[in-house]
Amino acid sequence: MPKNPSLVLINPWIHDFAAYDLWSKPLGLLQLAAYLRQKGYSIRFIDCLDVYHPAMQVRAGLKPPKRRAYGTGKFWKEAIPKPPPLRHINRVYSRYGILPDIFKEELRKVSKPKAILITSLMTYWYPGVSEAIRIAKEVHPSTPVILGGIYARLCTDHARGHCTADHVVTSSDPSDLLGLLNDLKIFPDEVMQGTQPPHSYPAFDLLTKIDYICLLTSTGCPYRCRYCSSRFLYPQFRQRDPDDVFEEILYWHRHYQVTDFAFYDDALLINGAQHFVPLMERIVSSGLKLRFHTPNAIHIREIDLEVARLMRRAGFATLRIGLETADFALHRVLDNKIKEGEFERGVRNLLKAGFQSSQIGAYIMVGLPNQSVQSVKETIDFVAANGAMPYLAEYSPIPHTDLWKTALDASEYDLASEPLFHNNTLLPCWDESKRAKLPELKEKVREARGMTDVKAQMTSERRQKTGVRS
Ligand code: B12
Ligand code: SF4
């Protein structure tokens, strides 16, 4: 690697009321880093969310963020003033990540980079993106800044108007970025010619420390749920060769001793016989001791007993299921991904395969336009009654989704011109009276989780007494 890399890639801060590292890594940016390295560019990666940044560890008075199971945990954080549109929210707003002066020091380590590339994720996290761009431009005023990622794609006009990037890229095809770099006369470094990057997988080796690897075995999703932007972001559903995914897993395990892997797929289990099952069979027969997680949720209807057993044997440690609601009339309006009886059957298969209730979480959407509080309560009961753990997922309205227009009509916020109002913490599509019930719903979830735990323990004790193996 040359001393002075030509491209700086930035994973910006999160500005929000809450943020948690739930296997959260800038996978898109790390994919680009790998691609650009292969094309001969030299890269400096600056991760504003780096939990292990050496300069943060030695700063007096800072308490290191607590890390939890399987590589998840807290970020560094510093309270900051709320942006004016969020002033009325009675909660502390923070910048999650490293301190701005440490970020500046990182930028200064590279003299005259040829371009600065920055990613973006949630639409309502754009203030962290803007701040990072502003500082990058202060330090390197003559370097072009290129913004890409999910916010840039979902709110392109806003990004062009509010972030001071010189270019906003809306494509998910890395060759379009290459085209832009060529137009800007930013070519691969001569010094890199002939040197081989270590691998072609997303460049997790650029992180200070790898706690886990995020995997994408497919892009897109064959479903068309009205609240989701998967179809807009990835119009085609494409799956990778399972052997190639297996090699990727093996690479990180062998070279970096990684044991935790989180799937980012929108539709991991679809077309399972050709995709998921062969991948898991290879994992099982390799004898590797790995743990898998599905923070982005999986489709319960795909989990028959064979799949459940395979998941268990392969090492799935935490599962999240996209139930959303137990109100099937609402499902028929919003999506077509689950029918009556499928959740019960899938959870039964998982329990039969030996998963504990505590490992099976079901996401329940809260705050959808026209959704009642009662329907959320009934869904919590439904999940608990079936031996799974309820997890509330507050609805974030997303531009370019089918439900966007309904969300605009239902919300008292100006969602169209201010992405800060997409923040799921606001429950922007519920009125004040329904919002006031959120603490009650959270309490109900806590109780339901406790009950499910107790029930699971009793079942296991009963099984032990009667000699039934779990
Ligand atoms: C994994 C994931 C998560 C993870 C965390 C991910 C992380 N890194 O932190 C978890 C499970 C924790 C999560 C949580 C949530 N998520 Co989420 N998540 C995703 C998901 C599935 C994948 C993101 C990803 O990495 N994609 C893969 C990479 C390869 O794609 P990419 O980043 O877009 O990068 C490509 C391009 O954009 C481009 N690119 C990227 N950077 C750059 C930079 C430059 C310079 C250039 C040129 C190009 C470029 O190149 C890449 C290669 O093609 C997306 C949906 C999706 N399919 O993308 C939803 C998504 C981002 N999440 C969404 C939502 C709604 C949520 C939740 C609100 C759900 C909930 N109600 O609880 C929470 C919010 C959490 C919070 N704290 O606020 C929404 C967005 C909402 C919004 N308003 O922005 C999405 C779009 C899904 C949806 N429903 O439509 N999420
Ligand atoms: S199944 Fe999941 S990823 Fe697919 S469209 Fe529905 S919500 Fe989006």
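Report on the accompanying structure. Only a predicted model underlies this, so the values are computations on that prediction, with no experimental measurement involved.

Thresholds, definitions, all that
Every chain is numbered on its own, with residues counted from 1 as its sequence reads. Chain letters start at A and ligand numbers start at 1, both assigned in the order the entries are written. The predicted nature of this model means local features are confined to residues of pLDDT at least 70 and side-chain atom pairs, given and counted, to a pLDDT of 80 or more, with totals for whole chains, interfaces and linings taken over all residues. Side-chain measures here rest on the full set of heavy atoms in the structure, leaving out hydrogens and waters. Comment: elements are numbered from the N terminus, with helices defined as DSSP H or I runs of at least four residues and strands as E runs of at least two. It is over C-alpha atoms that the radius of gyration is taken, and the globule rule equals 2.2 Å times the number of residues to the power 0.38. Throughout this description, buried means an accessible area under 20% of the type-specific maximum (1.4 Å probe, protein chains only), exposed means over 50%, and partly exposed covers the range between. Contacts were defined at the residue level, with two residues in contact if any of their heavy atoms lie within 4.5 Å. Reported accessibility uses the Shrake-Rupley method at a 1.4 Å probe radius. Residues are deemed covered only where the shown protein chains occlude them. Asp and Glu count as negative and Lys and Arg as positive, but His and the ends of the chain are not part of the count. Charge coordinates come from a single atom per side chain, which is NZ of Lys, CZ of Arg, CG of Asp or CD of Glu. A strand pair is defined by DSSP finding two or more bridges across the two strands. In this description, a line fitted to the C-alpha atoms serves as the axis of each element, helices being fitted only across the stretch in contact, and the angle between N-to-C directions of two axes falls anywhere from 0 to 180 degrees. Given a helix with a known number of residues, its expected span is that number minus one, times 1.5 Å. To be near a molecule or strand, a residue needs just one of its heavy atoms within 4 Å of it. Side-chain atoms alone can form a polar contact between residues adjacent in sequence; in general such a contact is a pair of N or O atoms within 3.5 Å, and within protein one must be able to donate a hydrogen while the other accepts it. Three categories are distinguished: nonpolar for Ala, Val, Leu, Ile, Met, Phe, Trp, Tyr, Cys and Pro, charged for Asp, Glu, Lys and Arg, and polar for the others, with Gly belonging to the last. Note: domain ranges come from an automatic or database domain assignment.

Here the focus is the overall build of the chain. The number of helices and strands found in the chain is 17 helices and 16 strands. Against the compact-globule benchmark of 23 Å for 470 residues, the chain has a radius of gyration of 23 Å, which places it among compact chains. Along the three orthogonal principal directions, the C-alpha set of the chain runs to about 70 × 55 × 45 Å. For the chain, with 470 residues in total, the buried portion stands at 56%. Within the chain, contacts between residues at least 6 apart in sequence are counted, and of these 76% link residues at least 24 apart. Accessible surface, the chain: about 21,200 Å² in total, of which carbon and sulfur atoms supply 51%. Here the chain carries 61 positive and 52 negative side-chain charges, and the mean point of each set is 4 Å from the other.

Within the open sheet, the three strands sit side by side as 2-5-4. Their pairing is antiparallel. Each of the sheet's edge strands pairs with one partner strand only, and the pair in question is strand 2 (14-16) and strand 4 (77-79). Sheet twist, expressed as the average angle between the axes of neighbouring strands with direction ignored, equals 20°.

Right, let's talk about helix 4 (residues 126-139) for a bit. Compared with the 20 Å implied by 1.5 Å per residue over 14 residues, the 20 Å span of helix 4 between its first and last C-alpha is a close match. With eleven of its 14 residues buried, helix 4 lies for the most part within the structure. What helix 4 keeps buried is the set Y126, P127, G128, V129, S130, E131, A132, I133, I135, A136 and V139.

Let's shift gears to the site of ligand 1. Neighbouring residues of ligand 1: 39 residues in total, closest T119, Y124, S172, S229 and E394. Note that an oxygen atom of ligand 1 is positioned 2.8 Å from one of the backbone N or O atoms of T123. Separating a nitrogen atom of ligand 1 from a side-chain N or O atom of Y264 is a distance of 3.2 Å. Those elements giving two or more residues to the shell around ligand 1 turn out to be helix 1 (27-38), strand 6 (115-118), strand 7 (145-147), helix 5 (150-154) and strand 16 (389-394). With four residues, helix 1 is the single largest residue contributor to the shell around ligand 1. Residue composition of the shell around ligand 1, by class: 22 nonpolar, twelve polar and five charged. Of the residues that make up the shell around ligand 1, three or more belong to each of domain 1 (7-192) and domain 2 (212-466).

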